[in-house]
Amino acid sequence: MELMIFAGAALVKIAMVMIVVLLTVAFLTLAERKVLSWMQDRMGPMEVGPYGILQPIADGLKLFFKEDIIPSGANWLLFSLAPILSVVPALIGFAVIPYGPNQEMEIFGVTIKPFVITDINIGILYILAFASIGAYGIILGGWASNNKYSLLGGLRAAAQVISYELNIGLAIIGVIILSGSLSMVKIAEGQAGGFWHWYLFGGLQIVGFVVYVISAVAETNRLPFDLAEAESELVAGWMTEYSGMRFAFFFMAEYANMILVSCIAAVLFLGGYQSPFPHYIIEYLGFPGMKWVEAVVWFTVKVYFFLFLFFWIRATLPRLRYDQLMRFGWKVLLPLALANVLITSIVVYFVRQP
Amino acid sequence: MHTLLAKLKDRFPDAVLAVREEGPYKDLVAQVKAPAVPDIARFLRDDGEMSFDMLSDICSVDYPEDEDRFEVIYLLKSLPHNHRLRMKARLPEDAPVIPTVTPIWRGANFLEREVYDMMGIRFEGHPDLRRILMPEDYEEGFPLRKDFPVEGKGWRTTFPFLPKLDEPAVASSAEEVPAEQQRPFLIESETESNGDKPVRRQEELLLNMGPQHPATHGVLRVVLELEGERIVKATPDLGYLHRGVEKLSEALTYQQIIPHTDRLDYVCSMLNNYAFVRAVEKLLELTIPPRAEYIRTTVAEMQRIIGHLFWLGTQALDIGAMTVFFWTFREREVLLDMFEKLCGARLTLNYYRVGGVDSDFTPDLVQKMQAFLDTFPAHIAEYDELLRTNRIWLSRTKNVAVLSAPDAINFGATGPVLRGSGVAYDVRKAEPYGAYDKVEWEVPVGKNGDTYDRYWVRMEEMKQSSRIIRQCLQQLPEGPIIADAPQIVPPPKANVMRDMQSHIHHFIIFTLGFKTPKGETYCASEGAKGELGFFIVSDGGARPYRMKIRAPSFVHLGVFDHMARGYLIADVVTIFGTYDVVMGEVDR
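All of the points below concern the structure found in this document.

The rules we used
- Counting from 1, residues in each chain are numbered in the order their sequence is written.
- Note on labels: chains are lettered from A, ligands numbered from 1, in written order.
- Residues qualify for local features only when their pLDDT is at least 70, as the model is predicted, and side-chain atom pairs are given and counted only at 80 or more; totals for whole chains, interfaces and linings, by contrast, use all residues.
- No hydrogens and no water enter the side-chain calculation; it runs on all heavy atoms of the structure.
- Going along the chain from the N terminus, every DSSP run of H or I of four or more residues is numbered as a helix, and every run of E of two or more is numbered as a strand.
- Radius of gyration here uses only the C-alpha atoms, and the compact-globule reference equals 2.2 Å multiplied by the residue count raised to the power 0.38.
- Any residue under 20% of the maximum accessible area for its type is buried, any over 50% is exposed, and the rest in between are partly exposed; the area is computed with a 1.4 Å probe on protein chains only.
- Any two residues having at least one pair of non-hydrogen atoms within 4.5 Å are treated as being in contact.
- Residue exposure ignores everything except the shown protein chains as possible cover, and the areas themselves are Shrake-Rupley values with a 1.4 Å probe.
- For this analysis, a salt bridge means a side-chain nitrogen from Lys or Arg found within 4 Å of a carboxyl oxygen belonging to Asp or Glu.
- Residues are called lining when one of their atoms sits within 4 Å of a cavity or pocket point, these points coming from a 1 Å grid over the protein atoms alone, where a cavity is a set in which a 1.4 Å probe fits but cannot get out and a pocket is an open set with protein on both sides within 12 Å along at least five of seven lines.
- Grid points are joined across faces, edges and corners, and a volume is the space filled by probe spheres set on the points.
- In plain words, nonpolar cores are sets of buried Ala, Val, Leu, Ile, Met, Phe, Trp, Tyr and Cys residues tied together by side-chain atoms within 4.5 Å.
- An automatic or database domain assignment provides the domain bounds reported here.
- The criterion for strand pairing is that DSSP finds at least two bridges linking the strands in question.
- Axis definition: a line fitted to C-alpha atoms, limited for helices to the stretch in contact. Angles are taken between N-to-C directions and run from 0 to 180 degrees.
- Two parts placed together each lose some accessible area under a 1.4 Å probe, and adding up what both lose gives the buried area.
- Here a polar contact means two N or O atoms within 3.5 Å. Within protein one must be a hydrogen donor candidate and the other an acceptor candidate, and residues neighboring in sequence count only if both atoms are side-chain atoms.
- Amino acids are sorted into nonpolar (Ala, Val, Leu, Ile, Met, Phe, Trp, Tyr, Cys and Pro), charged (Asp, Glu, Lys and Arg) and polar (every other residue, Gly among them).
- Working note: the arc is built from the helix axis to C-beta atom directions.

Helix and strand counts for chain B come out as 21 helices and 15 strands. Relative to the 2.2 N^0.38 estimate, which gives 25 Å for 588 residues, the radius of gyration of chain B is 25 Å and therefore close to what a compact globule would have. A principal-axis box enclosing the C-alpha atoms of chain B has dimensions of 85 × 65 × 60 Å. Buried residues in chain B amount to 60% of all 588 residues. Here the contacts in chain B between residues at least 6 apart in sequence split such that 67% fall between residues at least 24 apart.

What follows is about the overall build of chain A. Within chain A, the secondary structure is distributed over twelve helices and two strands. Relative to a compact globule of 354 residues, whose C-alpha radius of gyration would be 20 Å, chain A shows 21 Å and is just as compact. Based on the C-alpha atoms only, the size of chain A along its principal axes is roughly 65 × 50 × 45 Å. Counting over 354 residues, chain A shows a buried share of 51%. A fraction of 78% describes how many contacts in chain A between residues 6 or more apart in sequence connect residues 24 or more apart. In the structure as shown, chain A presents an accessible area of about 16,000 Å², 75% of it carried by carbon and sulfur atoms.

If the charged atoms of two oppositely charged side chains come close together, the side chains can form a pair. Residue and element names in this part refer to chain B. Taken as a whole and assessed by the stated rule, the structure comprises 61 salt bridges over all chains. When the shortest N-O distance is used, the salt bridge between Glu114 and Lys548 registers 3.3 Å. Pair noted here: Glu114 is in helix α3 (residues 108-119) and Lys548 is in strand β15 (residues 544-550), with a separation of 434 residues, a long-range link. Grouping residues by exposure puts Glu114 and Lys548 together as buried. Close ionic contact of Arg263 with Asp262 constitutes a salt bridge, the shortest N to O distance being 3.2 Å. Here Arg263 falls in the partly exposed class, since its relative accessible area comes to 38%.

Let us now look at empty space enclosed by the protein. Residue and element names in this part refer to chain A. Under the definition given, this model contains five cavities of 30 Å³ or more. In this model, the largest cavity occupies a volume close to 350 Å³. Ala131, Gly134, Glu219, Thr220 and Asn257 are the residues nearest the centre of the largest cavity, which is lined by 28 residues in total. Every element with two or more residues in the lining of the largest cavity is listed here: α3 (76-92), α4 (123-144), α5 (148-171), α8 (206-219) and α9 (244-269).

Looking now at the nonpolar core. Formed by 188 residues in total, the largest nonpolar core has its most connected members in B:Ile40, B:Tyr74, B:Ile98, B:Leu238, B:Phe276 and B:Phe361. Mapping this core onto the domain boundaries places at least three of its residues in each of domain 1 (3-124) and domain 2 (245-550) of chain B. Contacts of B:Tyr74, omitting those with residues within four sequence positions, involve B:Val37, B:Leu55, B:Asp57, B:Ile58, B:Leu85, B:Arg86, B:Met87, B:Ile98, B:Pro99, B:Val101 and B:Phe123. A:Tyr99, A:Val213, A:Leu334 and A:Val348 belong to the second largest nonpolar core, which has 79 residues in total.

Here B:Thr314 is to be found in helix α8 (residues 290-319). In this structure, B:Thr314 is in contact with B:His217 and B:Phe325, ignoring residues within four places of it in sequence.

With that settled, consider the sheet that holds strand β8 (residues 205-209) of chain B. Strand pairing in a sheet takes place through backbone hydrogen bonds and is either antiparallel or parallel in direction. All names here are of chain B. One open sheet accounts for three strands, arranged β8-β9-β10; its pairing is antiparallel. Each end of this open sheet is capped by a strand with a single partner; those strands are β8 and β10 (230-237). Going across the sheet, the axis of each strand differs from the next one's by a mean of 20 degrees, ignoring polarity. Bridge count between strand β9 (residues 221-227) and β10: seven bridges; the pairing is antiparallel. Within β10, the residue paired with Arg221 across the bridge is Asp237. Sheet strands in contact with helix α20 (residues 569-579) are β8, β9 and β10, and its direction is about 35 degrees off that of β8.

With that settled, the discussion passes to the interface of chain A and chain B. Reports often express the size of an interface as the amount of accessible area lost when the parts come together. Listed per partner, the contact involves 28 residues of chain A and 35 residues of chain B. Around 2,700 Å² of area is buried between chain A and chain B when both sides are counted, 58% of it from carbon and sulfur atoms. It is A:Lys148, A:Pro318 and A:Arg321 that lose the most area in chain A upon contact with chain B, and together they represent 22% of the buried surface on that side. B:Arg330 serves as the salt-bridge partner of A:Asp41, at 2.2 Å between the closest nitrogen and oxygen. Viewed at the interface, chain B and chain A are joined by ten residue pairs in polar contact (both at pLDDT 80 or more). With four residues, the top contributor of residues to the side of chain A that touches chain B is α5(A). Class assignment for the residues of the side of chain A that touches chain B results in 13 nonpolar, five polar and ten charged.

With that out of the way, let us pick up the layout of surface pockets. Its volume calculated, the second largest pocket comes out at about 1,400 Å³. Listing elements by their share of the lining of the second largest pocket, those giving two or more residues are α1 (2-39), α2 (55-65) and α9 of chain A together with α8 and α9 (322-343) of chain B. Along the lines of polarity and charge, the residues of the lining of the second largest pocket split into 23 nonpolar, eight polar and 14 charged.

Turning our eyes to something else, we now look at α2(A). Residue and element names in this part refer to chain A. When we look at burial in α2, the residues that qualify are Gln55, Pro56 and Leu63. The buried residues of α2 occupy one face: seen down the axis, they fall within an arc of 95 degrees. For α2, the exposed residues lying more than 90 degrees away from the buried face are Phe64 and Phe65. Elements that come into contact with the buried residues of α2 comprise α1 and α9.

Residues and elements named next belong to chain B. Examined against the element boundaries, Glu526 turns out to sit in strand β13 (residues 519-526). Overall, the relative accessible area of 2% leaves Glu526 in the buried class. Looking at Glu526, its side chain comes within polar contact range of the main-chain nitrogen of Val427, at 3.0 Å. For Glu526, the residues in contact, after removing those within four places along its chain, are Leu271, Arg304, Gly415, Arg419, Asp426, Val427, Arg428 and Tyr433.

Shown next, in the form of structure tokens:
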């Protein structure tokens, strides 16, 4: 009985999170187009619904009804597997993200945490592990398409993801040293009490933060690091031969990944759901029971800040070249991240001397 | 006689058959024996007094009645001395063979291929003599010969090579392209030491880029031989947009050709119109009223700004900076609206007339132009802010596709490509026309010949263009906008509708065209891409006997392989962008 309630509650949480994430993905495509058009002096989508807000639905329907083409000479098994391999790791990472305060609720005698699907003690490691699997989707998709452009895109993606994953891993070690835990919930909890307690400012993880954000953009294959896709060079890179829902899966994976890395950045560096003030505003107003609402809002604001940053970068920067990207990753970001780890550990060792 | 011609005749008393100064503008012409062409060419290039370092174009004319049927005409340009020379050689019908000049001017590679393709003249010693504009397996002859049938081939539906709707699709074979078809695109294999027959390394990948590719600026196809991502050899394959403008124009009167020139470089129609009407006017020895000259110059510079804005947007988009593209189109829109006010069209304009222009500026338009000029520098600064201060942009353009000045000249590159390499050659300065010698402006010149320098040159040219427009608008004289030449210029439309005399006059000009004096002329103008030249051979009729268009983009694509080797795939799109190729002009 207890197990069933636990499983039921987990399922409800999963369903909630999935709905929110997928809706965000859908409307993120619209948001991106709107933000870009605002920066580029144009209107963006205006036809479907008022101000084009129903555009994602129209796009989704279009993709759903499109003919699904498997090119002759393609390896159909890997060709079909690749989109799934892309989208599943992107969605599965949301399991350990804390969206709100670490409260506990009791339902029929079972204690559950309503704002995180599961609080495993290796949360961040789990995300990194799954994010690496996402790269397989790109590589296999590129290889299985039997297209030279796809192959080149896949190869570029492989090299890029490997080198930048390393930087992500090193960039967050500083935070892990400070918090002393790999659990996302613990990391978020450790930053309570105002923005000067956030690891970005309080832990002086500015270098780590910059390395993380740059690497995250590269990890999600977005401009200026969208070499694997590079529509002006490789047509659409590893996605060239994909159409219909398979293409939509890749598309979803890209946007879900964007949200995921934004969530991680918010939790690790900006205190997650924590208010930038010592207390929640709603507590001052006299509704201490409702402070979770504000916490969720803070979290959302932080995530959307990063998403906006993604769009902003896309509107501003040209694309790097393959060799420049590798040089930047290995010769600039990696030493920076390593130095950050070194300095953080030394400082932490001396500061925390009993 | 001109000293150069005398010197040439002295140096080659046998090989040079005749030298003369032709036409009202005293064009230097040398008639030479075909087998001696390479020797004379080398002398013309290397001799200090001659230094014809640039081969503008190679043209071929077919005279079926003559004993030596074909004539090959080399249009030479000397940048240090700023003079031109036409070297002609006659070839008999049964053996149309002439030695190649590719070792002397590397730019001749594409030009000779075109002559071969169009006229069937073989160039002995040419490294890669294949068809260039027509399909590789085209077997119906050589289109620009006068005996080529010009009738249609019946209904389109009966063409055997078009697939029918009810036919089953041809099953595609997953097999590799046969080695024979791959051969032209592969670099000459080196003989390895372990055997005497050539062995190819197997790691190279042949990548077909285009004609349907988002970044090849139209229907350009390039076959890349790759080693990893590095380019070993790049072979442009042209002709997907070949419409035979040169052949078409042989059947059209001079006024009727003007709209066809719009479709050459369709981004800068006005400049094509301008170049063409100038060539016809040169043939006719027509002088243009000053107001018309100023209007022409103004409009040409507006069009140049449009062309450069278009280039900037697409080049930035190719490298991934998408915002610049929309910003440049915002300004382009303003200028296109002005064109619409001026002549009713936005893209394929037909505004220039032989003898002047079609309609006058209205005060409203002048005011709009001035308002545009006031805001334009701020907009250029805006683009610059996004690009010139951007480290990624700098690293993508600096030291990419470097073209040294001697190479650029040798390949016949002109326009911003040549100026980016540090050669201050601009037709507007070297051979001034319009009102360019009456206004103050400068020729921006790059230093290193890389993509960044060409970017910088074009950005500066936009500023210079707006400077020219501003001065033209200030100096704009009063007067007629079209020459007073009743033989050539039709009467005003208002009169045509009122009195019979004008009506008949109008009718005659538009049905019969106007006659031009017998002769040849080459007239170069500065297009947005480079030197745009029209070479017209007139037999005294109302239609050109032969018209050759020197399209700068076509010549620039001849440099492509030279510039792309050793760079990465990502740089290929940068190189496309840096030439500012427009396929309408390349394929004609």
